[in-house]
Structure formats: C-alpha cells, structure tokens
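Each chain is listed here by its residues.
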Amino acid sequence: MTYLLYVAGFGTAVTFFLWLRDARIFWRTALPGYRQAAYRGVLYSALSLFGFLMAYTSEDLEFLALGAVLLALYLQGRMEREKVWKGSESAVDRFLGSAGRR
C-alpha cells in the first residue's frame, strides 16, 4: 500500500462531495443544469469508487486506478451549470452549496 491509495481515497471523497453539493443545489433551486450534474454525479462517483477499490485491492493497478479517479473528477468539473450565486455570498456558502430557494 503506497501513498497513491491515499490520493485515490481523497479524490473519491471529493467526487462524492461534489455530487452531493450538486444534488443539494438542485434540491433547493430546481435548475436543470444541476439536475443533470446530480444525475451524472452518480456515475462519476461510481467510477471513482471503482478506481479506489481497484487501488485498494492491487498495488499493480494503482496508476490505472488513480487515472479512473482523476477521470471522474475531470468529467464532473466539465458540466455546464447555471449561475446560482450573485457574488455577495461567502466562500463557505459556495463550498457547501447554500443556494437560495426558487
């Protein structure tokens, strides 16, 4: 077990966090861009979890597994989403996905 397992674990946790944040924003605003992001976040989280489990079970596949985790993070960041914040919110509100109800 090398340090790449910890990198893959952190990447998996970030992927799940971003998925849940998109789902929370969709729940509060009902915007179609965040709906698609929340749906696709399920697939990207599954890909990331698959990569982490691949790194956990075999040291020979750690680089391939890390590639799967990074691919999931890359694909999740490419989604087009609507503007939710006006600019007066704090960084913590944006980080946690606190959006106004519509």
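Bear in mind that the values here come from a model prediction, so they are computed numbers and not experimental data. (Residues numbered from 1 in each chain as written. Predicted model: local features only at pLDDT ≥ 70, side-chain atom pairs only at ≥ 80, totals over all residues. Heavy atoms only, no water.)

1. A look at the environment of Arg81
Position of Arg81 among the secondary structure elements: in the loop between helix 3 (62-77) and helix 4 (91-96). Taking the C-alpha atoms as reference points, Arg81 and Gln36, separated by 45 residues in sequence, lie 8.8 Å from one another. If we skip the residues at most four places from it in the chain, Arg81 touches Asp22, Gly33, Tyr34, Ala37 and Gln76. (Helix = DSSP H or I, 4+ residues; strand = E, 2+ residues; numbered from the N terminus. Contact = heavy atoms within 4.5 Å.)

2. Some points on the environment of Gly77
The topology assignment puts Gly77 in helix 3. Distance in space between the C-alpha atoms of Gly77 and Leu18 is 9.0 Å, their sequence separation being 59 residues.

3. Describing the side chain of Asp22
Here Asp22 is to be found in helix 1 (residues 3-29). For Asp22, a relative accessible area of 1% puts it in the buried group. (Buried < 20%, exposed > 50% of the residue type's maximum accessible area, 1.4 Å probe, protein only.)

4. What about the nonpolar core?
Formed by Leu4, Leu5, Ala8, Met54, Ala55, Ala65, Leu66 and Val69, the largest nonpolar core amounts to eight residues. Broken down by secondary-structure element, the contributors of at least two residues to this core are helix 1, helix 2 (32-57) and helix 3. Not counting the four nearest positions on each side in its chain, Leu5 is found in contact with Phe52, Ala55, Tyr56 and Glu62. In terms of nonpolar packing, the next biggest core, distinct from the first, is built from six residues, Ile25, Leu31, Tyr34 and Trp85 among them. (Core = buried A, V, L, I, M, F, W, Y, C linked by side-chain atoms within 4.5 Å.)

Any link to function would need more than the numbers given here.
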